[in-house]
Amino acid sequence: MVPVPELADRARACADRLRSVDDVLLASHIDADGLTSAAIAAQALERAGVPTELVFKNQLDDEEIASIAAREFETVLFTDFGSGQLETIAEHAARGDFEPIIVDHHQPADAETQYHLNPLLEGIDGASELSGAGACYLLARALEADVDNRDLAKLAVVGAVGDMQAVDGELVGANREIVAEGVEADILKEGTDLALYGTQTRPLPKLLEYADRPRIPGVSGDQSGSIQFLESVGIPLKDDGEWRRWVDLSMAERQSVISALLQRGVDRGVSADALDSLVGTTYTFPGVSKGTELRDASEFSTLLNATARYERADVGLAVCLGDRGDALDRARRLLANHRRNLSEGLEWVREHGVETRPSVQFFDAGEAIRETIVGIVAGMAFGTSGVDRDRPIVAFAEKSDQEIKVSARGTAELVGRGLDLSAAVGTASRAVGGDGGGHDIAAGATIPGGSQEAFIDRFEECVVEQLA
Ligand code: C5P
Ligand code: C5P
Ligand code: ZN
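> How should I be thinking about the layout of surface pockets in this particular structure?
Unoccupied space between atoms shows up once a probe the size of one water molecule is rolled over them. Considered as a void within the structure, the second largest pocket measures approximately 470 Å³ in volume. Along its surface, the second largest pocket is lined by 20 residues, and Thr192, Asp193, Met251, Arg254 and Thr282 are the ones closest to its centre. Going through the elements one at a time, β6 (189-194), α10 (251-267) and β9 (279-284) are the ones with two or more residues in the lining of the second largest pocket. No other element matches the five residues that β6 contributes to the lining of the second largest pocket. Across the lining of the second largest pocket, the residue classes tally to six nonpolar, seven polar and seven charged.

> How should I be thinking about the site of ligand 1 in this particular structure?
Close to ligand 1 lie His29, Asp31, Asp33, Asp80, His105, His106, Asp163, Met164, Arg409, His439, Ile441 and Ala442, which account for all nearby residues. Residue His29 places a side-chain N or O atom 3.4 Å away from an oxygen atom belonging to ligand 1. With respect to ligand 1, the side chain of His106 contributes an N or O atom lying 2.9 Å from an oxygen atom. Contact with the protein chains removes 84% of the 480 Å² of surface that ligand 1 exposes when unbound.

> I keep staring at the side chain of Lys57 and nothing clicks. Help me out?
With respect to the helices and strands, Lys57 occurs in strand β2 (residues 52-57). The exposure class of Lys57 is buried, given its relative accessible area of 14%. Of the polar contacts made by the side chain of Lys57, one reaches the side chain of Ser67; its length is 3.3 Å.

> Explain the site of ligand 2 to me, please; I cannot follow it from the model alone.
Surrounding ligand 2, one finds 15 residues, the nearest of these being Gln59, His106, Lys405, Ser407 and Arg409. Here Gln59 contributes a side-chain N or O atom positioned 3.2 Å from a nitrogen atom of ligand 2. Contacts to ligand 2 include Ser407, whose side-chain N or O atom sits 2.5 Å from an oxygen atom. Compared with its free state, where it exposes 450 Å², ligand 2 has 87% of that area covered by protein. Listing elements by their share of the shell around ligand 2, those giving two or more residues are β13 (403-409), β14 (435-438) and β15 (442-448). Class assignment for the residues of the shell around ligand 2 results in three nonpolar, nine polar and three charged. Among the domains, domain 1 (5-187) and domain 3 (353-467) are the pair contributing at least three residues each to the shell around ligand 2.

> Explain the packing of helix α12 (residues 297-308) against helix α13 (residues 313-320) to me, please; I cannot follow it from the model alone.
When two helices pack together, you describe them by how their axes are tilted relative to each other and by the distance separating the axes. Put simply, α12 and α13 touch, their axes get as near as 6 Å, and they point 150° apart. Taken together, the axes of α12 and α13 are roughly antiparallel relative to one another. In the crossing of α12 with α13, the sense of the turn from one axis to the other is left-handed. Contact with α12, carried on its side by Phe300, Leu303, Leu304, Thr307 and Ala308, involves Ala313, Val315, Gly316, Val319 and Cys320 of α13 and no other residues of that element.

> How should I be thinking about the sheet that holds strand β12 (residues 393-398) in this particular structure?
What links the strands of a sheet is backbone hydrogen bonding, and the strands pair in either a parallel or an antiparallel sense. An order of β10-β11-β12-β13-β15-β14 is seen for the six strands of this open sheet, with the pairing classed as mixed. Only two strands of the sheet have a single neighbouring strand rather than two, namely β10 (355-356) and β14. With two bridges joining them, β10 and strand β11 (residues 361-364) adopt antiparallel strand pairing. Along β11, the bridge assignment pairs Glu355 with Phe362. Contacting β11, β12, β13 and β15, helix α18 (residues 452-467) crosses the sheet at an angle of about 160° to β12.

> Can you walk me through a negative patch on the surface in this structure?
Residues Asp61, Asp62, Glu63, Glu87, Glu91, Asp110, Glu112 and Glu403 make up a contiguous surface patch of negative charge. Residue assignment for the negative patch shows that the elements contributing at least two residues are α3 (62-69) and α4 (86-94). Assignment of secondary structure puts Glu63 in helix α3.

> Explanation requested: helix α1 (residues 8-19) in the structure shown.
For an α-helix, the turn length of 3.6 residues means that residues three or four places apart are oriented alike. Over its twelve residues, α1 extends 16 Å from the first C-alpha to the last, a length consistent with the 16 Å expected when each residue adds 1.5 Å. When α1 is considered as a whole, its buried residues turn out to be Ala8, Ala11, Cys14, Ala15 and Leu18. One side of α1 carries all its buried residues, which in axial view fall inside an arc of 135°. Check the buried side of α1 and you find it contacts β1 (24-29), α2 (32-47), β3 (75-79), β4 (99-103), β5 (115-117) and α5 (132-143).

> Can you help me understand unusual backbone geometry in this one?
Note on backbone geometry: most residues besides glycine have negative phi, and most peptide bonds are trans. The phi angle at Glu72 is positive, at roughly 60°, despite the residue not being glycine. Position of Glu72 relative to the elements: it lies in the loop between α3 and β3. Glu72 sits in the exposed class, given a relative accessible area of 68%.

> Even after reading the chapter, I still don't get the pairing of β11, so can you show me in this structure?
Regular strands place their side chains on alternate faces of the sheet. Hairpin geometry of β10 and β11 is characterised by an intervening segment of four residues between the two adjacent antiparallel strands. As defined by bridge partners, β11 adjoins β12 across four bridges and the pair is classed as parallel. By the bridge assignment, Gln361 is partnered in β12 with Ile393. For the crossover that starts at β11, traverses helix α15 (residues 374-381) and ends in the parallel β12, the hand is right-handed.

Rules behind the numbers
- Residues numbered from 1 in each chain as written.
- Chains lettered and ligands numbered in written order.
- Predicted model: local features only at pLDDT ≥ 70, side-chain atom pairs only at ≥ 80, totals over all residues.
- Heavy atoms only, no water.
- 1 Å grid on protein atoms, 1.4 Å probe; cavity = no way out; pocket = protein on both sides within 12 Å on 5 of 7 lines; lining within 4 Å.
- Points joined across faces, edges and corners; volume = space filled by probe spheres on them.
- Helix = DSSP H or I, 4+ residues; strand = E, 2+ residues; numbered from the N terminus.
- Nonpolar A, V, L, I, M, F, W, Y, C, P; charged D, E, K, R; others polar.
- Near = heavy atom within 4 Å.
- Polar contact = N/O pair within 3.5 Å; in protein donor to acceptor, adjacent residues only side chain to side chain.
- Areas by Shrake-Rupley, 256 points an atom, 1.4 Å probe, with all protein chains shown as cover.
- Buried < 20%, exposed > 50% of the residue type's maximum accessible area, 1.4 Å probe, protein only.
- Domains from an automatic or database assignment.
- Axes fitted to C-alpha atoms, helices over the stretch in contact; angles between N-to-C directions.
- Parallel < 35°, antiparallel > 145°, perpendicular 65-115°, else oblique.
- Left-handed = near helix turned anticlockwise from the far one by under 90°.
- Contact = heavy atoms within 4.5 Å.
- Pairing = 2+ DSSP bridges.
- Patch = residues over 30% accessible without salt bridge, like charges linked within 9 Å, V, L, I, M, F, W, Y side chains within 5 Å.
- Salt bridge = Lys/Arg side-chain N within 4 Å of Asp/Glu carboxyl O.
- Lys, Arg positive; Asp, Glu negative; His and termini not counted.
- Charge placed at Lys NZ, Arg CZ, Asp CG, Glu CD.
- Expected span 1.5 Å × (residues − 1).
- Arc of directions from axis to C-beta.
- Right-handed = clockwise from strand over helix to strand, strands pointing away.

Laid out in structure tokens, this is it:
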């Protein structure tokens, strides 16, 4: 019943082992994919009758692994991280501290372990074909007995979208198999629609004003321009005094707006490629009320990031598990704060610019951008004016008095030419006494304060070599 045959044996081995233990400590990554990973695994374990305790970690370094070992659980299930820290984990396992079961999609370190479910071990891309939550979904399908776990496909889709796995707006590879199961189970709807963020909840003019991929001249970043544009298409902006949202429009109205946006783009010289991305695949959940964050995978995942990256993983987890009361209210307040931080962060990058070298570009935000979201800001800044998409971007932010957080982002095109940020960030961070890893297209690290310059030098050497 595991929908991705290449990973079925690994999923079954992990599931069989888990079924046989007394209890398990489930350790997961703090972000949208990590939260959904934990929610899927925890529900599947509960349904299978395996008592589970949960912990969330921002980064799984030696110290954090030691703290997990100190909990004295015989079995530890790592989700959405662990593969990259396999050497340290294997050392603990060899000492008998715990038995690890790893369900992850990050680049594995050079070590072996018996229970390891990771797409990269079977030639499936961990950056675009299966997320941590997707891997956990396969585990859940292998764990199920009486109850069908296909309802959990919903969270797997939220995790994949949260990790930006949609390629040109669409989930591909192993993720597709999960989408298919969700559609079949009637908990997921796949559609083609305007691919802007906020179709469920944003007032129409805001939806267009914030559109930046692609930028529509005279509309993006222009509040009155957006209002005029919508009026020129003949779209009533309010209904009973309330702003209408995209989901409130009829199909005919939606079509008119999309056509007019395309026409505006063509008239003002936006490239056909860029305009193509205006429409894409959407993943919505028919069981949830229209016009709420939880109706759409993209808004759902942002809501989760807004909790997890602000030390409120408990709130995001509760929402994943179905809490629609206090937790959802709290998550919405955190979301407003997260949005403000992202836009301020982006503004900071615009104002200060990036330093451009022949093969890389970077900025050092110091304390100006929170280290837990600096990677998201780097990704958003990528492709804005002054930040070319022809070389990877690196962002630094202060993590503590002694430590600097590094986030690196690339493009599919660069990866196609040989870029592997996981390797480059790993090598450069270890060269300066830090550590890191991730995916070919996105990676991160922690390095000692003051070593940014040395890091960038080493990082650029790696990138030059990779792209040669
Ligand atoms: O730790 P994790 O795997 O969950 O995070 C993946 C990260 O990679 C996310 O921050 C996501 O935004 C980034 N990513 C990206 N572009 C892609 C795929 C992933 O920036 N095409
Ligand atoms: O933190 P950031 O969003 O930049 O992370 C990008 C990717 O690199 C994520 O998949 C994250 O899990 C990974 N990462 C890592 N080790 C670190 C920092 C980030 O594997 N020390
Ligand atoms: Zn992930």
